Amino acid sequence: MLFRIRLSTKGNANAILIPLTRQQHSLPILFTTTISSLFRHLNSPPNLLEARRLHALLLVLGFFHPTGPHKSLSSQLVNVYVNFGCLRYAFLTFTQLPHKSNVAWNAILRGLVGAGHFTQTIQFYHSMLIQGVTPDNYTYPLVLKACSCLHALELGRWVHHTIMYNELHRKIKPNLYVQCAVIDMFVKCGSLEDARMVFEEMPVRDLASWTALICGTVWDGECLEALSLFRKMRSEGLKPDSVIVASVLPACGRLEALKLGMALQGCAFRSGFDSDVYVSNAIMDMYCKCGDPLEAHRVFSHMVYRDTVSCSTLIAGYSQNGLYRESCELYVRMVNMGLTTNAIVATSVLPAMGKLKMLKQGKELHNFVLKEGLVSDVVIVSALIDMYANCGSIKEAESIFESISDKDIMKNLGS
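Residues numbered from 1 in each chain as written. Predicted model: local features only at pLDDT ≥ 70, side-chain atom pairs only at ≥ 80, totals over all residues. Heavy atoms only, no water.

Moving on: the layout of surface pockets. Space inside the largest pocket adds up to approximately 400 Å³. Every residue lining the largest pocket is counted, 16 residues in all, and those nearest its centre are Tyr-177, Cys-180, Ala-181, Asp-184 and Lys-188. Elements with a minimum of two residues in the lining of the largest pocket: α7 (139-150), α9 (176-188) and α11 (207-219). With six residues, the top contributor of residues to the lining of the largest pocket is α7. Its residues assigned to classes, the lining of the largest pocket shows 11 nonpolar, two polar and three charged. Looking at the second largest pocket, its volume works out to about 310 Å³. Around the second largest pocket sit 14 residues that line it, and Gln-265, Asp-274, Ser-280, Val-299 and His-302 are the ones nearest its centre. Put simply, the parts of the chain that give the lining of the second largest pocket at least two residues each are α14 (258-271), α15 (277-289) and α16 (293-301). (1 Å grid on protein atoms, 1.4 Å probe; cavity = no way out; pocket = protein on both sides within 12 Å on 5 of 7 lines; lining within 4 Å. Points joined across faces, edges and corners; volume = space filled by probe spheres on them. Helix = DSSP H or I, 4+ residues; strand = E, 2+ residues; numbered from the N terminus. Nonpolar A, V, L, I, M, F, W, Y, C, P; charged D, E, K, R; others polar.)

Right, here's the structure in full:
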């Protein structure tokens, strides 16, 4: 008996002949090979219509039957739907599976995390454990990311304990990717101590693990410790990448460690990622915080690509160093370049407008802030009050202040 399946391959309709016997769910090797190759094709480029056709074919041929052959193929279909961003089809397919493999469970977890459904991710992971499915090294990073995004430290600790239990009792050793995910989770959940403990217990530390801990240390405000870790990493022979350089540079700025910042700039130049916009933005920020906005401008002028962060960094740097006119002029250039004025840009340029008594321009920016719905941002409101007060418009400043529901926040900002 022959089935003729019509599936498009690279835009051309090709007919594939698949021989079947009438024995119960027995298929020749040719069939399995063909189906596997079709799954690989469906992953790149994505094509939802082809996936649904293949889904129908697998249903007809008994792949979703409890005694059906090659159960892994039906699990792969869940993964395919997730790759296409079709969580609904993925869930429907998952519920139809007679045997739910780790591939299927992990695919749903990945889809939930990708869609930002972090609470549902934890719930689904709990269901996985209840069903007696043992998580693997593909499972943990997804669940840990959900914990990070929820800032759920205790849940993260629970997942970490599960990892350690399975390593001890089931000999499932976590790989470097899992260990880095654990460090990143603890960092983002505000427990740098736990992150350091995991890091110190790692038998092998790669660049990703160092990056996770150093970035977390910077985010936690421990700049001296971050620089110490960076030096230790370098002493172990590891070369920094663009991510870690862009993360350490802000620490140099906050500590006004200009020499180390310049050394990192040289490292970025020699490594070829000085053209990376994130690195360039971090270099500018470092120079501004070290009191050298002119050097920051030199970096800005040599950038091939500039984004809103590039402009807001230099605008804020000019203001911080008393170059108010340059700050406002760059803001005008930024608007003319078609870049978007966001909350960070507004809070950066409003102080300069206040110092220069640019009331008209300040009011125009105030109207823009109102139009964009940014007036709920307490930092922007504080900057608006400061701008009006410096321009001598006390009534406008008082009016904005009266509109704030939580005046204690404003008092704390001013102290």
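Turning our eyes to something else, we now look at the packing of aromatic side chains. Tallied over the entire structure, the rule returns seven aromatic pairs. An angle of 80° between the planes, with centres 6.2 Å apart, marks the rings of Phe-91 and Phe-124 as edge-to-face. Pair noted here: Phe-91 is in helix α4 (residues 87-96) and Phe-124 is in helix α6 (residues 118-130), with a separation of 33 residues, a long-range link. Its relative accessible area of 30% is what places Phe-91 among the partly exposed residues. Both rings, one in Phe-94 and one in Trp-105, keep their centres 4.9 Å apart while their planes meet at 80°; by these two values the pair is edge-to-face. Of this pair, Phe-94 sits in helix α4 while Trp-105 is found in helix α5 (residues 102-114), placing the two residues 11 residues apart along the sequence. Across the pair, Trp-105 and Phe-94 agree in class, each one buried. Members of the aromatic cluster, connected to one another through ring pairs, are Phe-91, Phe-94, Trp-105 and Phe-124. Its end group placed over the ring of Phe-94, Lys-100 keeps NZ or CZ at 5.4 Å from the ring centre. (Phe/Tyr/Trp six-rings, centres within 6.5 Å; stacked < 30°, edge-to-face > 60°. Buried < 20%, exposed > 50% of the residue type's maximum accessible area, 1.4 Å probe, protein only. Lys NZ or Arg CZ within 6 Å of the ring centre and 35° of its normal.)

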